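Below, each chain spelled out in residue letters.
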Amino acid sequence: MSPQKISVISPVYGAAGLLPELISRIGRTVQQITSDYEIILVDDNSPDESWEVIKQLAENNNRIIGLSLSRNFGQQNALNAGFDHSSGDFVVTLDCDLQDEPENIIHLFNKAKEGFDIVFASRVKRQDG
């Protein structure tokens, strides 16, 4: 069986400074599974320079797809926009704030390979309020 394509979707809001690390960690992690992947960053009309950072990252990496919403539609609608543009056999959603570690994609993927249609994870400890 050939490697499956993975799409990683991350809604972005107020995270311009975190995006380079997010992309780096997703890339390092997903490359352990497959060389066929895409990272979809959906700017939910962030008040910072997130969209400019996304455009720059996408210019330097053809695996990155940047989407910019015309106004703040909320996280779920940003995810839906990412789903609409994804082409992966497996799709992972990941918050952009790095509290959900991109390295856990491997564990999610391995569970999906066991035959589960949907794999869900939740944090045991939260760093936010």
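Scroll up for the structure.
As a starting point, this report considers the structure included with it. Treat the numbers as computed from the prediction; the structure is a model and nothing was measured. (Residues numbered from 1 in each chain as written. Predicted model: local features only at pLDDT ≥ 70, side-chain atom pairs only at ≥ 80, totals over all residues. Heavy atoms only, no water.)

**Some thoughts on helix α3 (residues 75-85)**
No. 1: Those residues of α3 lying buried are A78, L79, A81 and G82. On an axial view of α3, the arc spanned by its buried residues comes to 155°, and they lie on one face.
No. 2: Contacts made by the buried residues of α3 are with β1 (6-12), β2 (37-43), β3 (64-68) and β4 (90-93). (Buried < 20%, exposed > 50% of the residue type's maximum accessible area, 1.4 Å probe, protein only. Helix = DSSP H or I, 4+ residues; strand = E, 2+ residues; numbered from the N terminus. Arc of directions from axis to C-beta. Contact = heavy atoms within 4.5 Å.)

**Thoughts on helix α4 (residues 105-113)**
No. 1: Of all the residues in α4, the buried ones are I105, F109 and A112. All buried residues of α4 lie within an arc of 60° about the axis, which places them on one face of the element.
No. 2: Among the structural elements, β1, α1 (19-30) and β4 are those in contact with the buried residues of α4.
No. 3: Immediately downstream of α4, the backbone of G115 shows phi near 115°, a positive value.

**Comments concerning unusual backbone geometry**
No. 1: A positive phi angle, close to 55°, is found at N45, a residue other than glycine.
No. 2: Mapped onto the secondary structure, N45 falls in the loop between β2 and α2 (50-60).
No. 3: With a relative accessible area of 35%, N45 lands in the partly exposed category.
No. 4: Although it is not a glycine, L98 sits at a positive phi angle of roughly 65°.

**A word on the pattern of salt bridges**
No. 1: Scanning all chains against the criterion turns up five salt bridges.
No. 2: The salt bridge partner of K111 is E114, with a shortest N-O separation of 3.4 Å.
No. 3: For K111, a relative accessible area of 40% gives the class partly exposed.
No. 4: Under the relative-accessibility criterion, E114 is labelled exposed at 55%.
No. 5: Among the ionic contacts, a cluster of salt bridges with common partners joins E21, R25 and E103. (Salt bridge = Lys/Arg side-chain N within 4 Å of Asp/Glu carboxyl O.)

Take it as geometry only, folks, not as evidence of what the structure does.
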